[in-house]
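Analysis of the macromolecular model
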Amino acid sequence: MSKTHAPGSVREILAIAVPMIVSYGCDTVMMFCDRLLLAKRGPDPMNAAVAGGIAAFMMASFGFGLLGYGTALGAQYLGAHHKDRCPVVTTQSWIVALAIYPCVLLLREPAHALFVHLGVPASQIGPQIEYFDIMTYGTLLVFARHSLASYFSGIGRTRVVMRASIVAMCVNIPASYVLIYGKLGLPELGIRGAAYGTLLASAVGIAILLAEYFGRANRQEYAVGRSLILHPEVLGKLLRYGTPSGCEMLLTLLAANAFVLAFHSLGPVVATASSILMNWDMSAYIPLMGMEVGVTSLVGRYMGARDPDTAHRAVMSGLKVGFVYAGILLVLFGVLAGPMVDLFSPSGGTDPVYNAARPMAVTMLRMISLYMFSIALVIVFVGALRGAGDTLWAMSYHISLHWLAAGVLYAGTRWLDLSALHAWALVIVVFMLFSAGAWLRYRAGGWRRLHIVD
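One structure accompanies this document, and this report is about it. All values derive from a computational prediction rather than experimental measurement.

Quick notes on the overall build of the protein
In terms of helices and strands, the protein carries 19 helices and 0 strands. A compact globule built from 454 residues would reach a C-alpha radius of gyration of about 22 Å, and the protein, at 21 Å, matches this within 12%. For the protein, the C-alpha atoms occupy an extent of roughly 60 × 50 × 40 Å along the three principal directions. Within the protein, the fraction of its 454 residues that count as buried is 59%. Put simply, 84% of the contacts in the protein that link residues at least 6 apart link residues at least 24 apart. When the accessible surface of the protein is split by element, carbon and sulfur atoms take 68% of a total near 17400 Å². In the protein, 31 side chains carry a positive charge and 22 a negative one; their mean positions are 8 Å apart.

As structure tokens, this is what we get:
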């Protein structure tokens, strides 16, 4: 346990969560800057990157969620004083990743057909497919990086993940600029350049994580050399508890993709406004995933040590930090919505689609601030339940919440003939009302009696 911070304290949760928040924040900045660079070329490239990027991540999401459970499982082994099992979890993650990757590639063509079926505008669908295909081929890089990050998160060494993410971000932003606009004598690749820049940054991040993973100190402390084996018991635990997390992420991302496509099918003005909205919404949400990793790691560690009371203190500390973050976002989105939207204005500022979309985007962005506290509550309690091993309920709840919201959006715009703004308001109300479900499940206390490792 922590030698410098009281067990379960705010300081301990921050020691693990802040590097992960920074790490996810770096990924957010990479994604944000790519889309900002593309926005300067007009709304269509930006919209294509938003929709194509979400669709590509959706393709990887089952594996991403499953492999991410390595954090909780590794933390439980650490808490139970089985350090040698932590890298064994990572090896099983690599085996699973290699098995899933071909399945991801097989789904490319059906995804193309889905884009056409859902009515993506003709000016957007070509670039969207280009971006989607490149990112889908790079899914194995996503899996490799995430499995290594989950290992270091599980053992509490999140600063390693943070360093790799910072370097990756520093590579991505100039690389994307050079490749998108064709600088330094290279060809102008446009949206393909944004995708290649992202994959290059991922490869650099993996190299840093691998160097640390196979470094002498880590090899000796965690017996990494003996971990490079197929271990049926650990593999079974990863599949048993990680599969619900994978299904949760896949179906949640499907709901997010349904959000984007539903907005984009309403025309270029709504598509542009919603793309700006989703850029900022994801930018706010992704760092909260770092908080979830911190909560999951500490809850897993203390549950592995059979100490649910300290695990509970860690959850309450995480909730405090989450609410502070939500309060900061409340002020930012409420006060600075206009300038935040204007960052995405095309070069020259005369694009008629953007000019028509701007007022809608500003209003939508201000509305986000209303539900950030609900999102923080869901993130913390779902992360706690997942860390304890209650992954099946966490999956069912998260999926139901997101698909209910997607259904409300679809019904509001298609059946009730509501405007995009009014439909978005209904979605926010749904999140605010049903976020209490995670708290009620946690409060029931069944998670205290769960035991994943011996």
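Things to note about the side chain of N47
Mapped onto the elements of the fold, N47 is located in helix α2 (residues 43–68). At 2.7 Å, the side chain of N47 and the side chain of S275 are in polar contact. If sequence neighbours within four positions are ignored, N47 has contacts with Q124, H264, A271, T272 and S275.

Some details on the pattern of salt bridges
One pass over the full model with this rule turns up 13 salt bridges. Across the pair E130 and R192 runs a salt bridge, and its minimum N-O distance is 3.6 Å. Taken together, the residues E130 in helix α6 (residues 122–137) and R192 in helix α9 (residues 191–213) connect sequence positions 62 residues apart. For E130, a relative accessible area of 37% corresponds to the partly exposed category.

Details of the nonpolar core
In summary, soluble globular proteins display a tendency toward joint burial of nonpolar side chains. The biggest cluster of nonpolar side chains holds 148 residues, and the ones touching the most others in it are L73, F259, F263, M372 and W424. For this core, the element with the highest residue contribution is helix α12 (residues 268–304), accounting for 18 residues. Setting aside residues no more than four positions away along its own chain, F263 makes contact with V270, A271, S274, M278, M364, L409, A420 and W424.

Structural notes on the state of the cysteines
Using the criterion set out here, one finds 0 disulfides in the structure. A disulfide-free cysteine, C247 has its sulfur positioned 13 Å from the sulfur of C103, the nearest such atom. Classification of C247 by relative accessible area gives partly exposed; the value is 25%.

Description of empty space enclosed by the protein
The final tally for this structure, using the stated rule, is 3 cavities of 30 Å³ or more. Approximately 50 Å³ is the volume attributed to the second largest cavity. Lining the second largest cavity we find G70, G74, C86, V89, T90, S93, S147, S150, Y151 and G154. Of all elements in the fold, only α3 (70–79), α4 (85–106) and α7 (139–154) reach the threshold of two or more residues within the lining of the second largest cavity. For the lining of the second largest cavity, the per-class residue count stands at 3 nonpolar, 7 polar and no charged.

A short note on the packing of helix α11 (residues 232–264) against α12
To characterise two packed helices, one gives the angle between the axes of the helices and the distance between these axes. Direction vectors running N to C along α11 and α12 enclose 150°, while the axes themselves pass 8 Å from each other. Taken together, the axis directions place α11 and α12 in an arrangement best described as roughly antiparallel. Mapping the contact onto sequence places F259, V260, F263 and H264 in α11 and V270, A271, S274, S275 and M278 in α12. Classifying every residue of the contact of α11 with α12 gives 6 nonpolar, 3 polar and no charged.

Details of the environment of L107
When you line up the elements, L107 lands in the loop between α4 and α5 (108–117). With relative accessibility at 43%, the residue L107 sits in the partly exposed group. A C-alpha to C-alpha distance of 33 Å links L107 and I452, two positions 345 residues apart in sequence.

Observations concerning unusual backbone geometry
The bulk of non-glycine residues show a negative phi, and the bulk of peptide bonds are trans. Of note in this structure, H81 is not a glycine but carries a positive phi near 65°. Here H81 lies in the loop between α3 and α4.

Quick look at a nonpolar patch on the surface
A cluster of nonpolar side chains, contributed by F323, V324, I328, L330, V331, L332, V335, L336 and F373, occupies part of the molecular surface with about 740 Å² of accessible area. Inspection of the secondary structure puts V331 in helix α13 (residues 308–335).

Here's the deal with the side chain of H146
Locating H146 in the fold gives a position in helix α7. We classify H146 as buried; its relative accessible area is 11%. Setting aside residues no more than four positions away along its own chain, H146 makes contact with Y24, F64, L67 and G68.

Cut-off values and rules
- Residues numbered from 1 in each chain as written.
- Predicted model: local features only at pLDDT ≥ 70, side-chain atom pairs only at ≥ 80, totals over all residues.
- Heavy atoms only, no water.
- Helix = DSSP H or I, 4+ residues; strand = E, 2+ residues; numbered from the N terminus.
- Rg over C-alpha atoms; globule rule 2.2 N^0.38 Å.
- Buried < 20%, exposed > 50% of the residue type's maximum accessible area, 1.4 Å probe, protein only.
- Contact = heavy atoms within 4.5 Å.
- Areas by Shrake-Rupley, 256 points an atom, 1.4 Å probe, with all protein chains shown as cover.
- Lys, Arg positive; Asp, Glu negative; His and termini not counted.
- Charge placed at Lys NZ, Arg CZ, Asp CG, Glu CD.
- Polar contact = N/O pair within 3.5 Å; in protein donor to acceptor, adjacent residues only side chain to side chain.
- Salt bridge = Lys/Arg side-chain N within 4 Å of Asp/Glu carboxyl O.
- Core = buried A, V, L, I, M, F, W, Y, C linked by side-chain atoms within 4.5 Å.
- Disulfide = S-S within 2.5 Å.
- 1 Å grid on protein atoms, 1.4 Å probe; cavity = no way out; pocket = protein on both sides within 12 Å on 5 of 7 lines; lining within 4 Å.
- Points joined across faces, edges and corners; volume = space filled by probe spheres on them.
- Nonpolar A, V, L, I, M, F, W, Y, C, P; charged D, E, K, R; others polar.
- Axes fitted to C-alpha atoms, helices over the stretch in contact; angles between N-to-C directions.
- Parallel < 35°, antiparallel > 145°, perpendicular 65-115°, else oblique.
- Patch = residues over 30% accessible without salt bridge, like charges linked within 9 Å, V, L, I, M, F, W, Y side chains within 5 Å.

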